[in-house]
Amino acid sequence: MKKTILFFLFTNILLAQTPNKAMQDKMNFKSGELIVKLKDNLDAKVYYAKSGKAMSSFNIGELLGIEDKITSYEVLFHQKSIEASIVNQKKMKAIYEAKAAQNPNNGYKQKEPLTLKNIFVLKTNDKQENILQLIEKIKENPNVEYAEPNYIFSINDFEIASEIIYDKDLLSVRSTSTTVPNDPLYSQQTNITQTNIDDVWNEYTTGDGSQIVAILDTGIDYTHPDLAANIWINEAELNGVEGFDDDGNGYVDDIRGWDFHHNTNTPLDDNMHGTHVAGIVGAVGGNGIGVAGAAWNVKLMPIKVFQASGIGDLSTIATGIDYAVNNGATVLNMSFGGGFTSITMYNALANAYAGSQRFLVGAAGNNGLPLPPCIPSQIFYPAAYTFVFGVEAEGSFSNYDCDGPIFSTLLDQQNYETKAPGVSILSTVPNGGYRKLSGTSMSAPLVSGIIALYNQIRENETNERKFGNLINTKTGTFIDALAAIKAEPKPILKLLTAEAIDSISTNTYQDGQLDAGEEIHLYPTVKNYWGRAENVKVELKFAGNEFSNEYYKSLVEIKDSIIELGTISDYGIYKQRDNPLKFKISDEIAHNTQIEFRMVAWED
């Protein structure tokens, strides 16, 4: 009889509720629509207009065997994004292949990143079509990479915390300081002082207008007297010919961004959420009007992807992301989300992050999840993606990260990264007013404003360095803007997991079970949560007391107990692919014996 050894390096417990928030959200999608990505090697007859708009003469309905069900289809992404994603994939694929070639027998497999090529939005003849059933049929086609519904996201349930205040009712404030704003309502903006943004103003800058922050939201009242001077202007369209796409980006007269819901060049706010968010990022400071944004001088790009009701569909949001990226946004603020992940949104944002030093900020959501006991699987997207800087608030309504920003029980390392004030935050609302709102939607744009200042002050830093500095310099409840900018990074190493390969150098077979007589190879994965780490090592040892360890030694021989991983970059993940940790299990070990091991990572 085969004897099996049981040992535990890590324990991940994932619970679920029925029905949970994620499942509820995942059933919320636009009727009669779906998104399909065909394999990259399929010629889908995609061509590009002079504006870069992607089109196709391909009969996708016929290919998928649903021609009778499809009334129309269109290519989702712009030429620039598609071509950039192909370049990104080639770079990443080359890296993965080079690393895999170092040790082809270690069992490691890396999923290749997806491009934005051959992604279509399909509309069905029948609005009552069973989309989920149709998707399952489509997935059977070998030409399909993936298919998913056109999911609905929302700006989530923020709270109104005050009546509207108008500037005409305010008394002017005198200030002789160039960094203490004379804005009448500034004294009520405790979110600025709680995060030491005012200290950044004093020591460095209030903003120089070099940063473009895309506000993907319900639009912005770009006529608001406290925002108008900071609204992003598309100079080519402003100075061009009316009714003509002067800059060739596919949008006619998009002088101040775009309304993707109504498909117009007037992305005005019909909810108040987007205008409030914009004011937190960059209301004009020191102009004697209303409030001051985190950055006094910044370019706010209005991208309306949500309706007045606060909902927006996946294809519209993805197109808005596409627009922000292709028109020079350096920061994307996303005060929205849902309790489920979308393949299309994930890849749109992954490519937005990969192609430059563009920084992505997301709100953690206001569902008060996870509920006790802590349930890590209840997370909010896009804030939880590893390349999106997720922001919580201090209220009980805020979704929160059970594990904290350092480490995650989820193998894909999904986290929220920080916390910022989100209760009774005063900012701009349409028609020249000001109001207090509460929600993580108010926390995220404060961080976007901090990033706008950070980018200007330390312009050559990588996003990974910024992540580490912003996470690890928190001195109290909230993010500390000044401390992050001044930070001198040091390594923070966490051992995430280890892949165990059994039946090494034995006559038995690899079955994933750790059996008597087998030599086991362990390939650890380590994440560095801050500054660059040199000469990283990992050690395997027994984890019992002095008595149990002596017993373990009689059953297991640790052969290679210390290995070198080399260098791990800022906020980087390293998976060992050769020279593993090794131990040999005795032939005489009893069935179901449990051995306790411990692995430790450090910089030598």
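As shown above, the structure is provided for reference.
So, how was this worked out
- Residues numbered from 1 in each chain as written.
- Predicted model: local features only at pLDDT ≥ 70, side-chain atom pairs only at ≥ 80, totals over all residues.
- Heavy atoms only, no water.
- Pairing = 2+ DSSP bridges.
- Helix = DSSP H or I, 4+ residues; strand = E, 2+ residues; numbered from the N terminus.
- Axes fitted to C-alpha atoms, helices over the stretch in contact; angles between N-to-C directions.
- Contact = heavy atoms within 4.5 Å.
- Core = buried A, V, L, I, M, F, W, Y, C linked by side-chain atoms within 4.5 Å.
- Buried < 20%, exposed > 50% of the residue type's maximum accessible area, 1.4 Å probe, protein only.
- Lys, Arg positive; Asp, Glu negative; His and termini not counted.
- Salt bridge = Lys/Arg side-chain N within 4 Å of Asp/Glu carboxyl O.

Would you take a moment to explain the sheet that holds strand β2 (residues 29-38) for this structure?
Where strands meet in a sheet, backbone hydrogen bonds hold them as pairs that are either parallel or antiparallel. A sheet is described by the order of its strands in space; here five strands give the open sequence β5-β6-β2-β7-β13, paired in antiparallel fashion. Edge strands, defined here as strands with exactly one partner in the open sheet, are β5 (70-75) and β13 (311-313). Within the sheet, the average angular offset between the axes of one strand and its neighbour, ignoring direction, is 25°. By the bridge criterion, five bridges tie β2 to strand β6 (residues 119-124) in an arrangement that is antiparallel. In the sheet register, Lys 37 faces β6, and the bridge partner there is Ile 119. Each of β2, β6 and β7 (144-154) is contacted by helix α4 (residues 131-139), which is oriented at about 10° to β2, the strand it contacts most.

Mind showing me how you'd approach the nonpolar core here?
Side chains of a nonpolar character, in soluble globular proteins, are inclined to be buried together. Judged by nonpolar contacts, the single largest core of 130 residues is most densely connected at Leu 38 and Leu 349. The element best represented in this core is helix α11 (residues 440-457), accounting for nine residues. Among the nonpolar cores identified, the runner-up in size contains 27 residues, and Ala 516, Leu 555, Leu 565 and Ile 595 belong to it.

Looking at this model, I keep getting lost on unusual backbone geometry. Mind explaining?
Trans is the common state for peptide bonds, and a negative phi is the common state for residues other than glycine. That bond from Leu 369 to Pro 370 is cis: its omega, 0°, falls within 30 degrees of zero. Tyr 381 connects to Pro 382 through a cis peptide bond whose omega is 10°. You can see Pro 382 is positioned in the loop between β15 (359-363) and β16 (389-392). Phi is positive for Lys 45, close to 55°, though the residue is something other than glycine. Non-glycine residue Asn 579 carries a positive phi angle of around 50°. Note on placement: Asn 579 falls in the loop between β25 (573-575) and β26 (581-585).

Whenever I open this one, the sheet that holds strand β22 (residues 533-542) confuses me. Can you help?
With antiparallel pairing, the three strands of this open sheet are ordered in space as β24-β22-β28. Looking at strand neighbours, the two that pair on one side only are β24 (562-568) and β28 (597-603), the edges of this open sheet. Here the strands of the sheet are splayed against their neighbours by 20° on average, with no regard to which way each runs. Here β22 pairs with β28 via seven bridges, running antiparallel. Bridged to Glu 539 within β28 is Val 600.

I'm lost on the side chain of Asp 253 in this one. Help?
Mapped onto the elements of the fold, Asp 253 is located in the loop between α7 (235-238) and β11 (258-259). Of the side chains with opposite charge, Arg 256 lies nearest to the buried Asp 253, which makes no salt bridge, at 10 Å.

What is the right way to read helix α12 (residues 463-472) from this model?
Helical geometry note: an α-helix holds 3.6 residues per turn, so side chains three or four residues apart project in the same direction. Summarising burial for α12: seven of the 10 residues are buried, a large majority. Those residues of α12 lying buried are Asn 463, Lys 466, Phe 467, Gly 468, Asn 469, Leu 470 and Ile 471. As for α12, its buried residues are in contact with α10 (343-354), β15, β16, α11 and α13 (481-486).

Before we go on, may I ask you to explain the pattern of salt bridges in this structure?
Any two side chains of opposite charge can pair, given that their charged atoms come close. In this structure the tally under the stated criterion is 17 salt bridges. In this structure, Glu 461 and Arg 458 form a salt bridge, with 2.7 Å as the shortest nitrogen-oxygen distance. Residue Glu 539 is joined to Lys 541 by a salt bridge in which the shortest nitrogen-to-oxygen separation is 3.9 Å. Its relative accessible area of 22% is what places Glu 539 among the partly exposed residues. You can call Lys 541 partly exposed: its relative accessible area is 29%. Residues participating in the shared-partner salt-bridge network are Lys 30, Glu 33 and Asp 313.

For this particular structure, what's the right way to read the environment of Glu 564?
For Glu 564, the location among the structural elements is in strand β24. Measuring from C-alpha to C-alpha, the distance between Glu 564 and Leu 581 comes to 9.8 Å, with 17 residues separating the pair along the chain. Excluding its chain neighbours within four sequence positions, the residues that come into contact with Glu 564 are Asn 535, Val 536, Lys 537 and Gln 576.

Any chance you could explain the pairing of strand β10 (residues 212-217) here in plain terms?
Within a regular beta strand, the side chains point alternately toward one face of the sheet and then the other, so they alternate between its two faces. Of all six residues that make up β10, six are buried, and the element is covered over most of its length. Relative to strand β12 (residues 299-304), β10 is paired through six bridges, and the arrangement is parallel. Within β12, the residue paired with Ile 212 across the bridge is Lys 299. Judged from the three bridges that link them, β10 and strand β14 (residues 331-334) form a sheet pairing that is parallel. Note on β14: the bridge partner recorded for Val 213 is Val 331.

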